[in-house]
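Residue-level structural notes
Given next are the chains, with one letter for each unit.
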Amino acid sequence: MPEGDTLRRAAAALTPVLEGRTLTDAWFRSVRGHAPRKGMRVEGVEAVGKHLLVHFDRGLTLDTHLGMSGWWRTSQSAPSGSPKLRVVLSTEAGHAMCYAAPIIRTYLRDAERTPIDDLGPDLSNDTPRLDTVMERSRARSQSRTLADLLLDQHVAAGVGNVYKSETLFLARMHPFHPVGSVSDADLILVWTTANRLLVANRDRDRRRTTPPQFRSRTFVYDRHRLGCLRCPDSISYDPAGSTTQRSTYWCPSCQRRD
């Protein structure tokens, strides 16, 4: 599932193929805005939260959001005609291809408003602005759950459904606690834990939130009814749309509701 760490790895892979190079070809199945075209120069590739940005000359930026199942990859050979293929950017160094992304759009960087202006601080950065994250956390409805707060990209960018469940397990916080019942110290712990997990996974080929001695790569995510790695209890699961908009995993003993 693409989250902040996934986008960081994608940006790192695309940079040598695109950055500082001129497009020899460009293809889009569909794009909202002005499509980059052959002859344009790529000024940079950047990951911001769950968005991958390709900055072109003339002030144009391509913004892709991978949703739940999109991905970018690079290749030296021309791409095949996959029905999931959405974007191909070609330079003399190779091809950068985006698949299954639900949001593909461009914007002008000098516009009065851009699609990323309202994003919170990026938790995949080494030192995100946690004071801003805390301020935005408290400015939101205090009756909302911690699970919902972690996924709010306007509060902090980069956390998706995997890191939501893993963060709250490591912080020993029940996912359905109302934010207003959580102390500042505990809320800071939640955000710093999410930041630590995202940073630790930026350069890994496969995401891991558990220590190497565990066979499972996650503590609770996608482990419904399996044994907790910390206690004798088993992992609970709440499906999407039941309590929150996205599915949630937690340990009822390690993360007590009270």
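Here is a short report on the structure shown in this document. (Residues numbered from 1 in each chain as written. Predicted model: local features only at pLDDT ≥ 70, side-chain atom pairs only at ≥ 80, totals over all residues. Heavy atoms only, no water.)

1. As for the sheet that holds strand S4 (residues 60-65)
Operational definition: A pair of strands is labelled paired if DSSP reports no fewer than 2 bridges between them. Starting at the N terminus, helices and strands are each numbered in turn, a helix being any DSSP run of H or I of at least four residues and a strand any DSSP run of E of at least two. Only the stretch in contact is used when a helix axis is fitted, and all axes are lines through C-alpha atoms; the angle between N-to-C directions ranges over 0 to 180 degrees.
If you trace the four strands from one edge of the open sheet to the other, you get S2-S3-S4-S8, paired in antiparallel fashion. Both edges of this open sheet fall to strand S2 (42-48) and strand S8 (103-108), since each of them pairs with a single strand only. Across this sheet, the average inter-strand angle for adjacent strands is 20 degrees, counted without regard to direction. As judged from the six bridges shared by S4 and S8, these two strands associate in the antiparallel manner. Across the sheet, threonine 61 pairs through a bridge with tyrosine 107, a residue of S8.

2. Quick look at the packing of helix H4 (residues 161-170) against helix H5 (residues 184-200)
Put simply, the test is: Roughly parallel means an angle under 35 degrees; roughly antiparallel means over 145; roughly perpendicular covers 65 to 115; every other angle is labelled oblique. Crossing handedness follows the turn of the near helix against the far one: under a right angle anticlockwise gives a left-handed crossing, and clockwise gives a right-handed one. What makes two residues a contact is simply this: any of their non-hydrogen atoms within 4.5 Å.
Across the interface, H4 lies against H5 with an axial gap of 9 Å and an inter-helix angle of 125 degrees. By the angle between their directions, the pair H4 and H5 is classed as oblique. Of the two elements, H4 crosses H5, and the hand of that crossing is right-handed. Contacts from Tyr163, Glu166, Thr167, Leu168 and Leu170 of H4 reach H5 at Val190, Thr193, Ala194, Arg196, Leu197 and Leu198.

3. Observations regarding the pattern of salt bridges
To be explicit about the condition: The term salt bridge refers to a side-chain nitrogen of Lys or Arg lying within 4 Å of a carboxyl oxygen of Asp or Glu. The buried label goes to any residue with under 20% of its type's maximum accessible area, the exposed label to any with over 50%, and the partly exposed label to all in between, with areas taken from a 1.4 Å probe on protein chains only.
Overall, the coordinates contain 12 salt bridges when judged by the stated rule. The salt bridge involving aspartate 126 is made with arginine 202; its shortest N-O contact spans 2.9 Å. Pair noted here: aspartate 126 is in the loop between S8 and helix H2 (130-139) and arginine 202 is in the loop between H5 and strand S9 (236-238), with a separation of 76 residues, a long-range link. Look at aspartate 126 and you get exposed, because its relative accessible area is 54%. Two residues, aspartate 184 and arginine 138, come together in a salt bridge whose shortest N-O distance is 2.8 Å. Of this pair, aspartate 184 sits in helix H5 while arginine 138 sits in helix H2, and the two are 46 residues apart along the sequence. The class of arginine 138 is partly exposed, set by a relative accessible area of 28%. Sharing partners across several salt bridges, the network here consists of Asp5, Arg9 and Arg207.

4. A word on the environment of serine 234
In this structure, serine 234 sits in the loop between H5 and S9. Spatially, the C-alpha atom of serine 234 lies 8.6 Å from that of serine 253, the residues being 19 residues apart in sequence.

5. Points about helix H1 (residues 4-18)
Filter applied, for reference: Here, expected helix span is obtained from the residue count minus one, scaled by 1.5 Å.
Taking 1.5 Å per residue as the helical rise, H1 with its 15 residues ought to reach 21 Å, and the 20 Å between its terminal C-alpha atoms agrees with that figure. Following H1 by one or two positions, glycine 20 adopts a phi angle in the positive range, close to 75 degrees.

6. Quick notes on the nonpolar core
Under the convention used in this document: Definition used in this section: a nonpolar core is a set of buried Ala, Val, Leu, Ile, Met, Phe, Trp, Tyr and Cys residues joined via side-chain atoms within 4.5 Å.
In this structure, Phe169, Leu187 and Trp191 are the most contacted members of the largest nonpolar core, which totals 33 residues. Put simply, the parts of the chain that give this core at least two residues each are H2, helix H3 (146-151), H4 and H5. A per-element tally of this core places H5 first, with six residues. Apart from residues lying up to four places away in sequence, leucine 187 is in contact with Met134, Ser137, Arg138, Leu146, Leu149, Val179 and Val182. Residues Phe28, Met40, Val54 and Ala101 belong to the second largest nonpolar core, which totals 25 residues.

7. So, the environment of serine 236
Inspection of the secondary structure assignment puts serine 236 in strand S9. The spatial distance from the C-alpha of serine 236 to the C-alpha of isoleucine 103 is 32 Å, given a sequence separation of 133 residues.

8. Some points on the state of the cysteines
Convention followed: Count a disulfide wherever a pair of cysteine sulfur atoms falls within 2.5 Å.
On inspection of all chains with the given rule, the structure shows zero disulfides. Lacking any disulfide linkage, cysteine 231 is separated from the closest cysteine sulfur, that of cysteine 251, by 3.5 Å. Counting only cysteine sulfurs, cysteine 251 is the nearest neighbor of cysteine 254, a cysteine outside any disulfide, at a range of 3.7 Å. According to the relative accessible area criterion, cysteine 254 is buried, its value standing at 10%.

9. A few points about the packing of aromatic side chains
The line we're drawing: Only the six-membered ring of Trp is used, alongside the rings of Phe and Tyr, when aromatic pairs are assigned; centres must lie within 6.5 Å, and planes under 30 degrees apart are stacked while those over 60 apart are edge-to-face, with the rest tilted. Only when the NZ of Lys or the CZ of Arg is both within 6 Å of the ring centre and within 35 degrees of the ring normal is a charge said to sit over the ring.
The final tally for this structure, using the stated rule, is six aromatic pairs. Ring centres of phenylalanine 176 and tryptophan 250 lie 5.3 Å apart, and the angle between their planes is 70 degrees; on these two criteria the pair is classed as edge-to-face. In this pair, phenylalanine 176 is assigned in the loop between H4 and H5 and tryptophan 250 in strand S10 (residues 248-250), connecting sequence segments 74 residues apart. Each member of the pair, phenylalanine 176 as well as tryptophan 250, carries the same accessibility label: buried. Look at tyrosine 221 and tyrosine 249: their rings are 5.1 Å apart centre to centre, the planes differ by 65 degrees, and that puts the pair in the edge-to-face class. One end of the pair, tyrosine 221, is in the loop between H5 and S9; the other, tyrosine 249, is in strand S10, with 28 residues separating them in the sequence. For the pair tyrosine 221 and tyrosine 249, a shared accessibility class is recorded, and that class is buried. Taken together, the ring pairs in this structure connect Phe169, Phe214 and Phe219 into an aromatic cluster. Above the ring of phenylalanine 219, the side-chain terminus of arginine 230 is found at 5.7 Å from the ring centroid.

Take it as geometry only, folks, not as evidence of what the structure does.
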